[in-house]
Amino acid sequence: MKSFNYKKHNDYSWSMIIDLDRCNGCGACVIGCQAENNVATVGEDEVGKKRNMHWLRIERYIEGEYPHVKVRFLPMMCQHCAQAPCESVCPVYATYHNPEGLNVQVYNRCIGTRFCGNNCPYSVRYFNWFDSSFPEPVNNQLNPDVSVRERGVMEKCSLCMQRIRRGKDTAKDEGREVQDGDIQPACAQTCPTGAITFGNINDHESKVYKMAHSGRAISLFEEKGTHPAVKYLKGGTNDVIG
Amino acid sequence: MSLDDNVKRSADAGVAGGHHGDVMALPEIESFRDPETKAAKAHYDDADIYRDEKGFNEHTLRPMFFTTKSYFIFTLALGLVMAQGLGFFVYQTFVGLGMAGIHEPVYWGAYIATFVFWVGMSHSGTIVSSILRLTQANWRRPILRAAEAMTAFSLMVAGLFPLIHVGRLWRAYYMVPLPSQRMLWPNFKSPLMWDFCAINIYLTGSMTFLYIGLLPDLAVARDKAIAMGNWRRHYLKVLALGWRGSHREWSVYNKCSLFLAVIILLIAPSVHTIVSWDFAMTMTPGWHTTIFGPYFVVGAIYSGIAAVITLMITLRILFNLDDVIRKFHIDALGKLLLVIAIIWTYFYFCEFITNWYSHKPEEWEVMAWQGHRFPYHLMVMLGGSCLTIFCLSWRRFRSCMPCMFALTLLVNCGMYIERYLIVVPILSRRDNPFMWTDYTPTITEVGIIVASFAYFIFLYAIFIKLFPIVTMADVKEGVIVSGDVRLGRHAVRVQVKE
Amino acid sequence: MSDHYTVLGLYRKVETITKAGDPIREAFGVKDGDIEVLSSAAYPDGALLDDKELLHQVESRQFLFPFLMGFVGFGAGVILAGGTGYIMNLIVGGKSPFTYAPTGVITYEFTLLFGVIGSVLSLLYYAGLPNWTDRAYDPEVADGALGLLVKVYSKEDQEKAAKIMEDYGAYKIKKGVNDF
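Let us now look at the domain arrangement of chain B. Residues and elements named next belong to chain B. Per the domain assignment, the segments of chain B are domain 1 (1-66 + 468-498) and domain 2 (102-439). With 22 residues of domain 1 in contact, the opposing surface of domain 2 contributes 22 residues. For the side of domain 1 that touches domain 2, the secondary structure elements donating two or more residues are helix H3 (38-48), helix H4 (53-65) and helix H18 (472-480). The element best represented in the side of domain 1 that touches domain 2 is H4, accounting for six residues. Broken down by class, the residue content of the side of domain 1 that touches domain 2 amounts to twelve nonpolar, six polar and four charged.

Structure below.
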């Protein structure tokens, strides 16, 4: 696997590994993500128009003909590409690559040209079509660490930036490096089967490094040359996506 | 025939002096003329009106100074159409872009298709005008202004669409490189930024081109307005910059026009190339192709020339300019359109056959999606290529005003649909099959787009009432530098070229 | 040179005005820049008046305006697209801070923009525009009359010049002060 410039010069390079064999498509991660990141609920009509905002979605693929049908699930979120197509097309630098290998979205800079969304092969960038509403009891569960986005800006998975910050701060206070398990994005925390693993791929002792080099790891749309930081461990028998 | 002789001859024919008929009598030549030589006839038809310069001035300035009641009714109607579009736009701005039909993978919809269409329309005027100026095509003279104005106005309309389309209109100024405390700087690596620069620079350039071309005619209009005591004298005085028509002014002016023509000719293709790069620079299958640059430029010139013809015929009928804008001009423009139509068809075919033959799954999916919309394609095929090429091949068709009017409208309908087919289906069938959806424009989008057409016509209608619409100075120059030569039984009009 | 006087003679025909130019120049030894022809359309250089030399000088310099401004625009484009990108280094899409192709595109556009501005400046500078003061002019020029305008430095010369113009077929004479 080719590593890109930022990874060499920085201590951390965040990565996420998703084991497709373990995913059973329960959708708990979607809810975890939504609760953690103040993702707006748009209502039935808008979801029908494909305007749902889920930063993480479960893509369901059905293989074969009845009665020999197999259903496969693919959790899809921002792949945090090293050579992200979305970044260079933004006219106002609303999205750029941070030194820790994350593709970050700056909501306050975004003017909503949606060019990034058009250039994302994974279609994982979401646009705020209307002002998000959090009616009475729901507003109490908003996460104070994450801003609520205005209408007209793009948003997407940040790999739980706020949790990464907190994990780094704690580690710094304790005078050590971030270790495996210090940081858990909401989806990884919620996943009942433990399909999602997060960590620092620069640390050769870390779980993610080992999984990424296990031989089962693949990147989505590898032929696009985007070099994602999110990797998938392909299933043993049915290779749906690789 | 030396230059001086020629100047004298044509001047003696009474053009420059305003009194005519004493040296070279045109009717005499008419009797010599072989009625069979149609080309010669066309040129003669051209010359008749320009013999009396004062009359010519009054005739061509009439649309500017005299306004009928129906004009006001028409403008009011346009205003109403614009008002509904504005209403939709304001509502969309305050409520959110969800009012438009665009959604998750189809982030660009009818707004961007219309933007491309209007930018395309803008390629008629200045590009045609500067090519014809540089090649010194004599027939160009009366139509230059109308074509250049079209460029400026369609760009003004086109420039609105990115603003209508962005999510946070009130933050759109982030794209302007303003050094400030915000510590924000635009990303010049983004094709949108190139687009932003190119459109603004093209707008500046074509406005300048329009204004510089207008300068001598503004002086004529100023003199008329002062003589008539018309209210237009106030702004005409300022805008004419105190132009007197001294030989030094003319000489410097001609040189400046030449510079501008060359520069505009360099800017215009780059602008539509950059617009095409908004698409081609992405890695989206169907958009990511090298053919888009030239394909868009040719398509732009194509729809532009068609629009010029539509506009010429409209002006000719509405303002009684049929002795200035002649059948001969429409015929010549029709030939130009024919050439561009053939080139465009070639590109269309190239784009199609490479996708069809390689049959790459992601590109094929786009084509299949388009294939289901066969009526659209039929429209593009008919309007864009087959019917147009067939019809324009006949001189009789080219000089038939209603036919040309209908055909050029059809061409632009076809070209609009072609832009739509470039933007929408490709986004509907992206790399990720889980996200495949269809798209239909909503009433908000339709309302705003219709209003944009009304806005264009409105700008034009206002322009006609404020500025001279015929390129008077160029027409007069054309008469000065041309003369008649007898060739046996034929009379041939010749023109001095520098 | 405090005051100057002008005479504007209007002619109807190209032939007559071409004959009137030289006698006036000989009579007063008028310099190239002090005699002008007003017309409603562009005549080829030297067709109405023998001022080719002066205009040639102007023309040979006029191209410098768009040319030099083009260089300025080139610099502006490089600094704007390449320079600022390099200084304010923000990595996007794995691309280097200074990129040749986008800088080239922006530079091309800016070169041409400044070229346009330079062309307009050349027109304004060499044609002496804008000048909204009341200058020697007659609205009949717009309707096709040709005006011969000369600048002299005394009242007597003004009378003499008017006489010569009349002799050579001017149908209308206008005299003025300080309004060349």
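Taken together, the contact between chain B and chain A spans 35 residues of the former and 32 residues of the latter. For the side of chain B that touches chain A, the element with the highest residue contribution is helix H8 (residues 191-228) of chain B, accounting for four residues.

Right, let's talk about helix H1 (residues 14-28) of chain C for a bit. All names here are of chain C. A rise of 1.5 Å per residue sets the reference length of H1, with its 15 residues, at 21 Å; its end C-alpha atoms lie 22 Å apart and thus fit the reference within 8%. Of all the positions in H1, only Val14, Ile17, Thr18, Ala20 and Ile24 are classed as buried. Here the buried residues of H1 occupy an arc of 165 degrees about the axis, which is enough to place them on one side. Away from the buried face of H1 by more than 90 degrees, exposed residues Asp22 and Glu26 are located. Phi turns positive one or two residues past the end of H1, at Gly29, with a value near 60 degrees.

Cis geometry is adopted by the peptide bond preceding Pro130 of chain C, which originates at Leu129 of chain C and carries an omega value of -5 degrees. Looking at where Pro130 of chain C falls in the secondary structure, it is placed in the loop between helix H4 (100-127) and strand S3 (146-152). We note that His227 of chain A has phi near 50 degrees; this positive angle belongs to a residue other than glycine. A positive phi angle, near 60 degrees, is found at Leu241 of chain B, a position not held by glycine. Mapped onto the secondary structure, Leu241 of chain B falls in the loop between helix H9 (233-239) and helix H10 (247-280).

Let us look at the pairing of strand S1 (residues 5-11) of chain C. All names here are of chain C. By the criterion of burial, S1 is predominantly enclosed, with seven of the seven residues buried. Going residue by residue along S1, you find Tyr5, Val7, Gly9 and Tyr11 tucked away on one face and Thr6, Leu8 and Leu10 tucked away on the opposite face as well. Two strands pair when backbone bridges link them, and S1 and S3 are joined in this way by seven bridges, in the antiparallel orientation. Paired with Val7 across the bridge in S3 is Val150. Bridge analysis of S1 against strand S4 (residues 172-177) gives six bridges, and the strand direction is antiparallel. The residue bridging Leu8 from the neighbouring strand is Lys174, located in S4.

Scoring rules and cut-offs
- Residues numbered from 1 in each chain as written.
- Chains lettered and ligands numbered in written order.
- Predicted model: local features only at pLDDT ≥ 70, side-chain atom pairs only at ≥ 80, totals over all residues.
- Domains from an automatic or database assignment.
- Contact = placed C-beta atoms within 7 Å.
- Helix = DSSP H or I, 4+ residues; strand = E, 2+ residues; numbered from the N terminus.
- Nonpolar A, V, L, I, M, F, W, Y, C, P; charged D, E, K, R; others polar.
- Expected span 1.5 Å × (residues − 1).
- Buried ≥ 20, exposed ≤ 12 C-beta atoms within 10 Å, placed from the backbone.
- Arc of directions from axis to C-beta.
- Pairing = 2+ DSSP bridges.

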